[in-house]
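Residue strings, one per chain:
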Amino acid sequence: MEHGKMSWSVADTLDYKGYPADKLRTGGWVAAALILVIEIIERLSTMGIAVNLVTYLVGTMQLPSSTSANIVTDFMGTSFLLCLLGGFLADSFMGRYMTILIFTVIQILGTGLLAASTKIPKLRPPPCDTTSAHKCQPANGTQIGVFYLALYLIALGTGGIKSSVSGFGTDQFDEKDEKEKNQMAFFFNRFFFLISTGTLMACTVLVYIQDEVGRSWAYGICSFSMLLAVIIFLSGTRRYRYKKSAGSPIVHILQVLAASIRKRKLRLPASVSLLYEDPHGIARIPHSDQFRCLDKAAIAVEGDYEGNSSNIPNPWRLCTVTQVEEVKMMVRLLPIWATTIMFWTTYAQMITFSVEQATTMERSIGNFQIPAGSLTVFFVGAILITLAFNDRVIMPVWRKWKGQQGFTNLQRMAIGLLFSVLGMASAALAEVKRLSVARSFGSDIPEMLPISVFLLIPQFFLVGAGEAFIYTGQLDFFITRSPKGMKTMSTGLFLTTLSLGFFVSSFLVTVVKTVTGTKDGKGWLPAEINNGRLDCFYGLLTILSVINMGVYLLCATWYKTQTPESVVEMEGVKGSSTEERC
């Protein structure tokens, strides 16, 4: 009887009571769908706040445009950077289920506090007084402090949720079952679709509520929606499959680095066969000649077994060849990782300065006034159109022409970078036109310029199309080219490109403002963008993007020549035939 019961269990997974998970009663699409609810609401909250935040900071908190842009990019950058913390806690201590639950509660508190801060008059400065010499009074320290507390509680919640929700969703499918493996492939597609759906709702419905009804109502809806999502998530507790933690990949990497540094003065043996390997290891990665200094971590010497009563060596003193090769694989990813950061720097402009541009332009369609933040809907439109075109047109043509499933992950990232170059060039040209209209009024510039906001559509559409290529390309690349068992680590590495892209944007804004600023408060990025040269800033980003793309192409070529074909112990994903074969 026991044997029969075990035959229906899923390997390496447990149910909520800690027993082997029953395949018929746990996991599958029902469980995955309950988890996906958390993701769509998280995306709705985070993007609903981010895409329209700059207008609140400039118009209500009365902060300069460059300062407001940096607050938004720092918030988004921190959100993605905290995914590393969330992933570490999930892998090492709490597990994915508890990580999602705890950090969702943190985000509920953050959105609730943000709703309160926008509702209570004492937590925002008084409206501008046009009759006074100092007509606008910026937010004071207390007001900014409460606002920051709310914002970074949301960032903390976002980091914890994002680090675990995709991994916990894939845990609900058995990769050894062909039917469930196919279902998991659809899970990735629907996961990205829901991210886009959440963004679409954020930049249309939620932005409209913020502008026309009230921000406190919009942020309150976010908090209440997240509370409902938690209840739905908890309702699936009995249906979920839980995987035992194998320890944090970050710890494994640190062990290899510590062991190699400890033995840096030793000479490598003449034969690779003399390096230490786990005799009982099933999944092994063949030795490679690259980064030989790391091989010293696998040199067995006296004292490596100190502190252990068994025959297992101290992992901080001696590592296996496979562990060393896993670290080498991660190191090979770093040049590609570094050269994709620039895309997200250009992306950051679309939810900061581009939205502020929109606030100065004619946005009416009949009697309806388009909210400035809703221009980001063209992002989502570009993503969905590009994904559909790639799926229905490019992939079938590619399959007939070259016998492949479409663009490889490296090619998709290159296309995304190209679109970002074109997007920034388009943004610079649009700003030249907008500034020419503003300057035609001399010193009496109206609040709403007689120029259509649809002039900005090309830059939104180009960068959005680029995101469709680079996001899917990065996700595919970092998962399929990372060591098996480092899925959370590789996903975190991918998300740090988004984080650092936003931080690089903040850095560039600060540098440009310092270098070009004048004593009278002007320069490229003054408090009022009509008095600045945002076109020059966009031009600078275009030049930097061109240089970055050239470096990326060199790194991609290097990666293809340095990755041995024999290294195949990677995380499998349906459709992996689209990855680079090196």
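Residues numbered from 1 in each chain as written. Predicted model: local features only at pLDDT ≥ 70, side-chain atom pairs only at ≥ 80, totals over all residues. Heavy atoms only, no water.

Peer 1: Looking at this structure, how should I read the overall build of the protein chain?
Peer 2: In terms of helices and strands, the protein chain carries 16 helices and seven strands. Working note: accessible area of the protein chain is about 25,700 Å², and carbon and sulfur atoms make up 64% of it. (Helix = DSSP H or I, 4+ residues; strand = E, 2+ residues; numbered from the N terminus. Areas by Shrake-Rupley, 256 points an atom, 1.4 Å probe, with all protein chains shown as cover.)

Peer 1: What is the right way to look at the packing of aromatic side chains in this model?
Peer 2: Two measures describe an aromatic ring pair: the distance that separates the ring centres and the angle between the ring planes. What the rule picks out here adds up to 25 aromatic pairs. Judged by centre distance (6.1 Å) and plane angle (55°), the ring pair of Tyr97 and Tyr240 falls under tilted. Placement of the pair is Tyr97 in helix H4 (residues 65-119) and Tyr240 in the loop between helix H7 (215-235) and strand E3 (242-243), with a sequence separation of 143 residues. On the accessibility criterion, Tyr97 (13% relative accessible area) is buried. We classify Tyr240 as buried; its relative accessible area is 0%. Members of the aromatic cluster, joined through ring pairs, are Phe80, Phe343, Trp344, Tyr347, Phe379, Phe460, Tyr471, Phe494 and Phe502. (Phe/Tyr/Trp six-rings, centres within 6.5 Å; stacked < 30°, edge-to-face > 60°. Buried < 20%, exposed > 50% of the residue type's maximum accessible area, 1.4 Å probe, protein only.)

Peer 1: Looking at this structure, I do not really get H7. What am I missing?
Peer 2: Residue pairs spaced three or four apart in an α-helix point in one direction, given the helix's 3.6 residues per turn. Look at H7: 30 Å from first C-alpha to last across 21 residues, which is about the 30 Å you get at 1.5 Å a residue. Within H7, the full set of buried residues consists of Arg215, Ser216, Ala218, Tyr219, Cys222, Ser223, Ser225, Met226, Ala229, Val230 and Phe233. (Expected span 1.5 Å × (residues − 1).)

Peer 1: How should unusual backbone geometry be read in this particular structure?
Peer 2: Note on backbone geometry: most residues besides glycine have negative phi, and most peptide bonds are trans. Phi is positive for Gln62, close to 60°, though the residue is something other than glycine. Mapping Gln62 onto the fold places it in the loop between helix H3 (53-59) and H4.

Peer 1: Could you clarify how one ought to interpret the side chain of Arg363 in this entry?
Peer 2: Structurally, Arg363 is set in the loop between strand E4 (361-362) and strand E5 (364-365). Despite its burial, Arg363 remains without a salt bridge, the nearest opposite charge being carried by Asp211 at 5.8 Å. Within the local environment of Arg363, its side chain forms a polar contact with the backbone oxygen of Thr359, the two atoms lying 3.3 Å apart. When residues no more than four places from it in sequence are discounted, the contact partners of Arg363 are Ala358, Phe368, Gln369, Ile370, Pro371, Ala372, Met448 and Val453. (Lys, Arg positive; Asp, Glu negative; His and termini not counted. Salt bridge = Lys/Arg side-chain N within 4 Å of Asp/Glu carboxyl O. Polar contact = N/O pair within 3.5 Å; in protein donor to acceptor, adjacent residues only side chain to side chain. Contact = heavy atoms within 4.5 Å.)

Peer 1: Even after reading the chapter, I still don't get the packing of helix H2 (residues 28-50) against H4, so can you show me in this structure?
Peer 2: Look at H2 against H4: their axes get within 7 Å of each other, and the N-to-C directions meet at 150°. By the angle between their directions, the pair H2 and H4 is classed as roughly antiparallel. Relative to H4, H2 is oriented so that their crossing is left-handed. For the pair H2 and H4, the contacting residues are Ile38, Glu42, Arg43, Ser45, Thr46, Met47, Ile49 and Ala50 in the first and Val72, Phe75, Met76, Phe80, Ile100, Thr104, Gln107, Thr111 and Leu114 in the second. Looking at the contact of H2 with H4 residue by residue, the class counts come to ten nonpolar, five polar and two charged. (Axes fitted to C-alpha atoms, helices over the stretch in contact; angles between N-to-C directions. Parallel < 35°, antiparallel > 145°, perpendicular 65-115°, else oblique. Left-handed = near helix turned anticlockwise from the far one by under 90°. Nonpolar A, V, L, I, M, F, W, Y, C, P; charged D, E, K, R; others polar.)

Peer 1: Looking at this structure, how should I read the pattern of salt bridges?
Peer 2: Note on pairing: side chains with opposite charge can pair once their charged atoms come close. Scanning all chains against the criterion turns up eight salt bridges. Arg96 is paired through a salt bridge with Asp171; the nearest N and O atoms lie 2.9 Å apart. In this pair, Arg96 is assigned in helix H4 and Asp171 in the loop between helix H5 (141-170) and helix H6 (178-212), connecting sequence segments 75 residues apart. What makes Arg96 buried here is its relative accessible area of 17%.

Peer 1: For this particular structure, what's the right way to read helix H9 (residues 321-339)?
Peer 2: For H9, built from 19 residues, the straight-helix expectation of 27 Å at 1.5 Å per residue is met to within 8% by its first-to-last C-alpha distance of 29 Å. Taken as a whole, H9 carries its principal kink of about 30° at Leu333; the proline Pro335 stands between one and four residues after it. Summarising burial for H9: 14 of the 19 residues are buried, a large majority. (Bend = angle between axes of the 7 residues up to and from the residue.)

Peer 1: What exactly am I supposed to notice about the packing of H4 against H5 here?
Peer 2: In a packed pair of helices, the relevant descriptors are the angle between the two axes and the axis-to-axis distance. With their axes 6 Å apart at the nearest point, H4 and H5 run at an angle of 145° to one another. Of the residues belonging to the contact of H4 with H5, the class tally is 27 nonpolar, 17 polar and three charged.

Peer 1: Any chance you could explain the environment of Tyr219 here in plain terms?
Peer 2: With respect to the secondary-structure elements, Tyr219 resides in helix H7. Put simply, Tyr219 and Thr118 are 101 residues apart on the chain and 8.8 Å apart in space, counted from C-alpha to C-alpha. Not counting the four nearest positions on each side in its chain, Tyr219 is found in contact with Ile49, Leu53, Thr111, Leu114, Ala115, Thr118 and Gln210.

Peer 1: Quick question: what am I supposed to make of the environment of Asp15 here?
Peer 2: Locating Asp15 in the fold gives a position in the loop between strand E1 (9-14) and strand E2 (20-22). Along the primary structure Asp15 and Tyr240 are separated by 225 residues, whereas in three dimensions their C-alpha atoms are 6.6 Å apart. Beyond its immediate chain neighbours, meaning those up to four positions away, Asp15 contacts Pro20, Ala21, Thr26, Tyr240 and Tyr242.

Peer 1: What is the right way to look at the confidence of the model for the protein chain in this model?
Peer 2: Close inspection of predicted coordinates is inappropriate in any region flagged by low pLDDT. Of the residues in the protein chain, 88% have a pLDDT of 70 or more, and the chain-wide mean is 82. Taking the mean pLDDT of every element in the protein chain, the minimum, 42, falls on helix H1 (residues 2-7) and the maximum, 92, on helix H13 (residues 409-439). Segment residues 1-7 is flagged for pLDDT under 50; beyond a separation of four residues in sequence, or across chains, it makes one contact in the model. This model gives residues 566-582 a pLDDT under 50, and the stretch forms 56 contacts once residues within four places in sequence are excluded. (pLDDT = per-residue confidence, 0-100.)

Peer 1: Mind showing me how you'd approach the side chain of Glu431 here?
Peer 2: Positionally, Glu431 belongs in helix H13. Residue class for Glu431 comes out buried when judged on its relative accessible area of 0%. Once residues within four sequence positions are removed from consideration, Glu431 is found in contact with Gln357, Ile529, Leu534, Asp535 and Tyr538.

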